[in-house]
Amino acid sequence: MILVPARTGPLDGIRILEVGTMLAGPYATMLLADLGAEVTKLEPATGDISRQVSDAYFASINRGKRSIVVDLTSEAGQARLGELVADAHALIVNLKPSSIRRYGLTYDALRRWNDRIVCVAVTGFGLESGDQPAFDYVIQAVTGIAALTGDPEAPPTLPGYSAADNSTGLTAALGLLAQIVSGRGGQVDVSLRDVMLSQLNYRASAYLNEGTEPRRMPNGAHSYYVPAQLFPTAEGHLALFITHDGFWKSFAAEAGVDGYPTMAERAAHRDDVLAAVTHALSGDTAKGWEARLRALGVPAAAVRTLPEALAENPDAIVTAGGFRLIGSPIRVAGYEPRYGPPPALDEHSPAAGAPA
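Let me sum up the structure you'll find in this document. (Residues numbered from 1 in each chain as written. Predicted model: local features only at pLDDT ≥ 70, side-chain atom pairs only at ≥ 80, totals over all residues. Heavy atoms only, no water.)

### Let's talk about the sheet that holds strand S4 (residues 90-93)
Stage number 1. Spatially, S3-S2-S1-S4-S5-S6 is the arrangement adopted by the 6 strands of the open sheet, whose pairing is parallel. Across the chains shown, the open sheet's two edge strands, defined by having one partner strand only, are strand S3 (66-69) and strand S6 (186-191). This sheet shows a mean twist of 20° between the axes of neighbouring strands, independent of strand direction.
Stage number 2. Where strand S1 (residues 15-19) lies against strand S2 (residues 38-43), 4 bridges are found, and the strand directions are parallel. (Pairing = 2+ DSSP bridges. Helix = DSSP H or I, 4+ residues; strand = E, 2+ residues; numbered from the N terminus. Axes fitted to C-alpha atoms, helices over the stretch in contact; angles between N-to-C directions.)

### With respect to the side chain of Glu-290
Stage number 1. One can find Glu-290 in helix H14 (residues 286-294).
Stage number 2. Judged by its relative accessible area of 8%, Glu-290 is buried.
Stage number 3. If sequence neighbours within four positions are ignored, Glu-290 has contacts with Leu-238, Ala-300, Ala-301, Ala-302 and Arg-304. (Buried < 20%, exposed > 50% of the residue type's maximum accessible area, 1.4 Å probe, protein only. Contact = heavy atoms within 4.5 Å.)

### A word on the sheet that holds strand S7 (residues 228-232)
As a general point, the strands of a sheet are linked pairwise by backbone hydrogen bonds and lie either parallel or antiparallel.
Stage number 1. On the basis of which strands lie adjacent, the open sheet formed by 3 strands has the order S7-S8-S9 and antiparallel pairing. Two strands bound the open sheet, and with one partner strand each, they are S7 and strand S9 (300-302). Strand-to-strand, the axes of this sheet are offset by a mean angle of 20°, without reference to chain direction.
Stage number 2. Along the sheet, helix H13 (residues 270-281) contacts S7 and strand S8 (237-241); its crossing angle with S7, the most-contacted strand, is approximately 45°.
Stage number 3. Contacts from H14 reach S8 and S9, with the element oriented near 155° to S9.

### Digging into the packing of aromatic side chains
Stage number 1. Applying the stated rule across the entire model yields 3 aromatic pairs.
Stage number 2. Considering the side-chain rings of Tyr-202 and Tyr-224, the 6.0 Å spacing of their centres and the 45° angle between planes classify their relative orientation as tilted. On the criterion of sequence distance, the pair formed by Tyr-202 in helix H10 (residues 201-210) and Tyr-224 in the loop between H10 and S7 is long-range, its members being 22 residues apart.
Stage number 3. Seen from their ring centres, Tyr-225 and Phe-241 are 5.8 Å apart, and the 80° between their planes marks the pair as edge-to-face. (Phe/Tyr/Trp six-rings, centres within 6.5 Å; stacked < 30°, edge-to-face > 60°.)

### Focus on the pairing of strand S11 (residues 323-326)
Stage number 1. Alignment of strand S10 (residues 317-320) against S11, held across 4 bridges, turns out to be antiparallel. The partner of Ala-320 across the bridge, within S11, is Phe-323.
Stage number 2. Following S10, the chain reverses through 2 residues before pairing antiparallel with S11; Gly-321 in that reversal takes a positive phi of roughly 65°.

### What to know about the packing of helix H1 (residues 24-34) against helix H2 (residues 55-62)
The description of two helices packed together rests on the angle between their axes and the distance between the axes.
Stage number 1. Where H1 contacts H2, the axes come no closer than 7 Å and their chain directions differ by 55°. Classed by the angle they form, the pair H1 and H2 counts as oblique. Between H1 and H2, the contacting residues are Pro-26, Tyr-27 and Met-30 on the first element and Ser-60, Ile-61 and Asn-62 on the second. (Parallel < 35°, antiparallel > 145°, perpendicular 65-115°, else oblique.)

### Looking at H1
Stage number 1. With 11 of 11 residues buried, H1 lies mostly within the body of the structure.
Stage number 2. Packed against the buried residues of H1 are S1, S2, H2, S4, strand S5 (118-123) and helix H8 (163-182).
Stage number 3. Gly-36 sits one or two residues past H1 and shows a positive phi near 110°.

Bear in mind that shape data such as this cannot, by itself, settle questions of function.
Written out as structure tokens, the structure is:
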């Protein structure tokens, strides 16, 4: 039987309003739009500030949405907000808590128009925690992530992308859908701080339950598994991740490394094991080791640049309007997303000739 791709997505018919700025909120709603939801950005006359970064930046998190200019500071704008809320399933906002309340974007403020509306507040530290600055890099610093990242002999560092914003966007989308599925309206509160602390799961558990204080390891080494880190090779670096003794047996035989058959032994003799592995890997390139070890089922990959990764994964790239972007990471059997262009500012207001 041949499956014909469905024209409608799993979220077809779901209407979501977004009062979003920059990354976390807009990323959440873009993922939902990719799955078929109708997402409408409510923007000030100056537009979402991310429009000022670059067209490519804006497109990367706003494809397939609608745009309506609404002045939430005016009486007419609040009336328009009520009309839109009355016909929506959810609203997601990422602003300071004081702004969220001032603009009437909480469930308590909006339930008079629709008591089944789901209101998701994305903030730095929580809707009840004040307005202290909370950008991605700040959150990585205050949650301990920066202190865990980088070489132990060098200053703390940050990942090369917006880990906190993107992770919070994913979590906000999950919370929004969970409350919609419940069939009840209500307030959902998602903070960057809480999300990133949650992602430190096993690190936090080790400290809270065993007193093991996390520390940075050279070459990004895993705190438990040995060897599991980046290694230099004859050309390039290799990520090697030996998580159990079967992997080690296969790797050791291929690389000509003797001894240390159990994880406990490798952990107890970490320095000796890493020296032996580093010496063995110097005999071939990162790409060479990747091919040899993958054939044995051993987790290993040569470190690539983003351009190299994109060249090797053309199926991840989609076209939305005039932009080439990374497509949805959620693959639903029988459904192919239709990636629409990012909206022009106020493109879908009645005054612009679009349906309300």
